[in-house]
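Structural overview
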Amino acid sequence: MANVTDLQTKYSKLAQEYSKLRAQNQVLKKAVVDEQANSASLKEQLKQRDQSLRKQEQEMDSLSFRNQQLAKRVELLQEELAASEAKGKKGKTKGDSPSQHGLQTQSVFDEDLQKKIEENERLHIQFYEADEKHRRQEAELRARLEELEKDSEQHQGVVDGLTTKYMETIERLQGDKARLEVKAQTLEREAKECRMRTEECQQQLRRCQSELNRQVKQSSSVIQEKVPFNDTKFSDYNSLNVPPHNRRHQLKARDVAGQALSFLQDLVAALLNFHSYTEQRVHIYPLDSSIEPISPLNQKFSQYLHENAAFVRPLEDSFLQLHQSITEDTVTVLETVVKLKSFADNFSSYTHFLQKILPYQLKSLEEECEATLCTAALTAKNQELQSDMKRVTSVFEKLQNYINLLALPSVRQDAMPQSSTSAVFTQLAACLHSLHDAIKEMSKHYNQKASLEQELPTVTQKLCTTTECLLGSLGSLTNSTGKIATFFSNNLDFFTSSGYSPRGSTVALNPLQADSMLANKKKAAAYIHAIKKPRPQSVPYREALSNRRILTSSTESREGLTQQVQQSQEKIARLEQEKEHWLLEAQLGKVRLEKENQRIADLEAQLAAALGGSPNSQTAAASTLSAQSHEEAGTEQKAAGKETTLCTSLVGMLCTTPTVEHVGDEESREQLIKTHYMARVGELTTQLQISDSKAVHFHSECRALAKRLAIAEKSRETLSEEVKLANQNITRLQDELATTKRSYEDQLSMMSDHLCSMNETLSKQREEIDTLKLGSKGNAKKNKSR
């Protein structure tokens, strides 16, 4: 979850930076366009001013030349006037005719001089006006030049900031490049080591192949003598006809699956780029979403296109699982490739996605045709693209049907015979070629449409860039489909050939036979491995038979022994009960013996006392003893004649026979039995209480454990769902990150090109400004010198 939050924060930061850069890019584009227009207008103004300056310089040169001529003329005239005046003073004495002639020439010279003076004044006025006008223009140009220098300084600051930022990104990318180069070097070293290992393995393989060929030659004669098992009545028994495991077929299948996986990865990348750039184009053309909202139809179309990764990525994942399921220790036929069904389902979902977005694609092209600046040629190209998109969708539907047919045998047996399978593979190859042709035609028409769109006056740089990226994705899509079609056609013989079939039959292999084949392969490998080990000495046949009879008899006698054990256990329990009874009887006998001994001692004491007295007393004692003995005998006879009496007490019932013993014997015996059983009952009650407390404790623990188990199951389910959602979010974010990364890289490359062009234009403007400054300084120096 922490990784997901980090990715979300990074993605939000990237989105914010992208929005900022996008806004700055728009502002810079507008500023650059305005500056280009201003620079163009200024260039025109400078050209006009240069032309006017050149004309005025030419006029000034001509006027200065004319002024010099007039000055020389005036000097000559003044010299002539002085000479004529001198001659007039000398020739005062001469007649009136020469003086009149001098006066006439003098008047002519005066008029001519007056005209020249007036013309000189007029030229001086014009020169002063032109000089003032030139000074005003020069001041205006200098003010304009200062404004342009300020603007250029501001733009230069923006450009410097962008260059520093891009230099940082370039340095970071160079660091990544250095790390990648180090990683590439390590990978190259590992590749060299792997090559050396592969060479060693190839040598070992050659040796093993030679050894295996020798063993195959030895065992082929035995294998050919085997007769296939073919039961015509019960076809289920024919599963014993298991074909041998074809390792070469498995290696070829894994190699083909690996090549197909690489081609499919290229196709998935091209489809992702195509749908992503189509989404960007929908937001730009015919209406720019940053300026005005797009139509609801295009919004829905953009929403569907944004979900393309959820339908395209599972194609790569399911085919990767299919490639991983094909190993050297498996059986690869259509009946056993279960993962092909998941790939077929994902391909069907992507085909349904194409069918869902097809009407929106057609409507979007119709909206482009309804635009005001759409020409007839663009309308024709849009109609051709509509037919191309319909054709591509129909080809994907055909591919879906063929792939579902190929995935059917893995779900249901006897779904398709071998001949139909070959026909389906052939039609699939033809369908892949038709898909390549359809995408090639669509790419061709899109190129023509892009060239026509670039001629429109309202086309923007963003639309051009997106169209170029879209054309690049179409080119990669064309290349990937062409590679897949060529690859499938080249391996069509392998797809249509039956790598496995039961011996003596042309029926396809079923999963039961495949399991039997793998089991036989494992047994054979274990047997060969066991052959290489030192085996123990075998048992003779007669000894083995005798051992079997002994084993059988022992197993038969096992039941009797178990019965005897049960009987002996029951007997032991009964004997334990009798033991308890006789222990009680022994205790009672011991008590009786003690009492009898005491009575005998009392009697002996009485007898001794009697013997120690007089004869009369002795005779009396003897008579009393005889009388007692007779009484005892009589009582014994009476007791023998009587029946047994039944005594009941708290302990239970006790059958007693009256004896000559004292009456207290019964009470003492009953008291002993009572104490014994009461002690026994106390022990049993304590054991019962302990067991009850343990049972209650165990019951509470079991209930707590059951509750904890239920809570753990619920938490496990919730966590598994969260993990699934997190994995889906991670894949979605990775896809979005990859698309944004690609778009950022494209935009960075475009902005770097744009910055290069701006730097060139700025350098040209600086050169022009420097030349203008030098020209203005030279003109100012000329004016000052004049």
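Values in this document were obtained by computation on a predicted structure and should not be read as measured data.

Right, let's get into empty space enclosed by the protein. Per the stated rule, a full pass over the model turns up five cavities of 30 Å³ or more. For the largest cavity, the lining is made up of 15 residues, of which F274, L354, Q361, V392 and M442 are closest to its centre. Looking at the lining of the largest cavity, the elements with two or more residues in it are α3 (247-284), α6 (339-369), α7 (376-407) and α8 (418-453). By residue number, the principal contributor to the lining of the largest cavity is α6, which donates five residues. A class-by-class count of the residues in the lining of the largest cavity yields twelve nonpolar, three polar and no charged. Here the second largest cavity defines a volume of roughly 140 Å³. As for the second largest cavity, its lining consists of 13 residues, of which T278, F301, S364, E368 and Y446 are closest to the centre.

Glancing now at the environment of E279. Counting through the fold element by element, E279 comes out in helix α3. Separated by 19 residues in the primary sequence, E279 and N298 place their C-alpha atoms 9.1 Å from one another. Excluding anything up to four places from it in sequence, E279 contacts S302, L305 and H306.

Interaxial distance between helix α5 (residues 309-325) and α6 falls to 9 Å at its minimum, and their mutual angle equals 165°. One way to sum up the angle between α5 and α6 is to call them roughly antiparallel. Between α5 and α6 the crossing geometry is left-handed. Between α5 and α6, the contacting residues are F311, V312, P314, L315, S318, F319, Q321, L322 and S325 on the first element and K339, L340, S342, F343, N346, F347, S349, Y350, F353 and K356 on the second.

Another aspect to go through is the confidence of the model for the chain. Predicted coordinates in areas of low pLDDT are best not read in detail. For the chain, per-residue confidence averages 76 on the pLDDT scale, and residues scoring 70 or more make up 78% of the total. Scored below 50 in pLDDT, residues 226-240 shows 15 contacts in the model against residues more than four places distant or in partner chains. Confidence drops under pLDDT 50 across residues 614-663; counting only partners more than four residues distant or on other chains, this segment forms 35 contacts.

A complete count under the given rule lists ten aromatic pairs for this structure. One aromatic cluster in this structure is built from F311, F319, F343, F347, Y350, F353 and F396. A cation sits over an aromatic face here: K252 above F494, 6.0 Å from the ring centre. Over the ring of Y304 we find K356; its NZ or CZ atom is 4.6 Å from the centre of that ring.

Bringing the nonpolar core into the picture now. L340, F343, Y350 and F488 are the most contacted members of the largest nonpolar core, which has 72 residues in total. The set of elements that each furnish at least two residues to this core consists of α3, α4 (296-306), α5, α6, α7, α8, α9 (461-490) and α10 (492-496). Apart from the residues within four sequence positions on either side, F343 is in contact with L264, L315, S318, F319 and I403. One finds Y285, L378, L456 and L463 within the second-largest nonpolar core, a separate group that totals six residues.

Further remarks concern the packing of α3 against α6. Where α3 contacts α6, the axes come no closer than 13 Å and their chain directions differ by 30°. Between α3 and α6, the angle is such that the two are roughly parallel. For α3 against α6, the interelement crossing comes out left-handed. Residue-level contacts link L264, L271, H275 and R281 of α3 to F343, Y350, F353, L354, I357 and E368 of α6. Of the residues belonging to the contact of α3 with α6, the class tally is seven nonpolar, one polar and two charged.

Inspection of the secondary structure puts S364 in helix α6. In this view, S364 contacts L297, N298 and F301; residues no more than four positions away in its chain are not counted.

Quick look at the pattern of salt bridges now. Pairing is possible between side chains that carry opposite charge, provided their charged atoms lie close to one another. For the structure shown, the criterion picks out 20 salt bridges. For E147, the salt bridge identified is with R144, shortest N-O distance 3.4 Å. On the criterion of helical spacing, the pair formed by E147 and R144 is a turn pair, its members being three residues apart in helix α2 (residues 96-224). Classification of R144 as partly exposed rests on a relative accessible area of 31%. Via salt bridges that share partners, R281, E368, K449 and E453 belong to a single interconnected network.

Rules used throughout
- Residues numbered from 1 in each chain as written.
- Predicted model: local features only at pLDDT ≥ 70, side-chain atom pairs only at ≥ 80, totals over all residues.
- Heavy atoms only, no water.
- 1 Å grid on protein atoms, 1.4 Å probe; cavity = no way out; pocket = protein on both sides within 12 Å on 5 of 7 lines; lining within 4 Å.
- Points joined across faces, edges and corners; volume = space filled by probe spheres on them.
- Helix = DSSP H or I, 4+ residues; strand = E, 2+ residues; numbered from the N terminus.
- Nonpolar A, V, L, I, M, F, W, Y, C, P; charged D, E, K, R; others polar.
- Contact = heavy atoms within 4.5 Å.
- Axes fitted to C-alpha atoms, helices over the stretch in contact; angles between N-to-C directions.
- Parallel < 35°, antiparallel > 145°, perpendicular 65-115°, else oblique.
- Left-handed = near helix turned anticlockwise from the far one by under 90°.
- pLDDT = per-residue confidence, 0-100.
- Phe/Tyr/Trp six-rings, centres within 6.5 Å; stacked < 30°, edge-to-face > 60°.
- Lys NZ or Arg CZ within 6 Å of the ring centre and 35° of its normal.
- Core = buried A, V, L, I, M, F, W, Y, C linked by side-chain atoms within 4.5 Å.
- Buried < 20%, exposed > 50% of the residue type's maximum accessible area, 1.4 Å probe, protein only.
- Salt bridge = Lys/Arg side-chain N within 4 Å of Asp/Glu carboxyl O.

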